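# Working through the structure, step by step
The chain contents come next:
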Amino acid sequence: MQVFGIDAIVRIISHFSFIYLAFWALRSLRVENLFKAFKEAQVRVAILMLAIVIGFICSTFFLEIILLSKNIFLTFN
């Protein structure tokens, strides 16, 4: 997928959507209870970073699947 115009907007929206979904899913794990009470802010930052990593990887995977599918369909036309 070339990064021009609409494709760039789709990529940005996809990345942010998957990062939000990963953060939403990680928040349900309640890992703050496993750590010391004074380290809660650091745990939240770690969860945010993990959500960014997971969301970016998932978004990149789905965007790559879309690109490969598009290339397959263009091959047969």
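Just above sits the structure.
Read on for a plain summary of the structure. Not measured: the values here are computed from a predicted model.

Packing of helix H1 (residues 6-27) against helix H2 (residues 40-75) leaves a shortest axis separation of 7 Å and a crossing angle of 135 degrees. By the angle between their directions, the pair H1 and H2 is classed as oblique. As for how H1 packs across H2, the hand of that crossing is right-handed.

Another point: the packing of aromatic side chains. Taken as a whole and assessed by the stated rule, the structure comprises two aromatic pairs. Relative to Phe 62, the ring of Phe 18 lies with its centre 5.3 Å away and its plane at 15 degrees, an arrangement referred to as stacked. Of the two residues, Phe 18 sits in helix H1 while Phe 62 sits in helix H2, which places them 44 residues apart along the sequence. A centroid spacing of 5.2 Å and a plane angle of 75 degrees characterise the contact between Phe 61 and Phe 62, whose relative ring orientation is edge-to-face. According to the relative accessible area criterion, Phe 61 is partly exposed, its value standing at 49%. Site record: aromatic cluster; members linked through ring pairs are Phe 18, Phe 61 and Phe 62.

Let's shift gears to the nonpolar core. Judged by nonpolar contacts, Ala 22, Leu 26, Val 43, Ile 47 and Ala 51 together constitute the single largest core of five residues. Sorting the residues of this core by element identifies H1 and H2 as the ones contributing at least two each. Looking at which element gives the most residues to this core, the answer is H2, with three residues. When residues no more than four places from it in sequence are discounted, the contact partners of Ala 51 are Ile 19, Ala 22, Phe 23 and Leu 26.

How each quantity is defined
- Residues numbered from 1 in each chain as written.
- Predicted model: local features only at pLDDT ≥ 70, side-chain atom pairs only at ≥ 80, totals over all residues.
- Heavy atoms only, no water.
- Axes fitted to C-alpha atoms, helices over the stretch in contact; angles between N-to-C directions.
- Helix = DSSP H or I, 4+ residues; strand = E, 2+ residues; numbered from the N terminus.
- Parallel < 35°, antiparallel > 145°, perpendicular 65-115°, else oblique.
- Left-handed = near helix turned anticlockwise from the far one by under 90°.
- Phe/Tyr/Trp six-rings, centres within 6.5 Å; stacked < 30°, edge-to-face > 60°.
- Buried < 20%, exposed > 50% of the residue type's maximum accessible area, 1.4 Å probe, protein only.
- Core = buried A, V, L, I, M, F, W, Y, C linked by side-chain atoms within 4.5 Å.
- Contact = heavy atoms within 4.5 Å.

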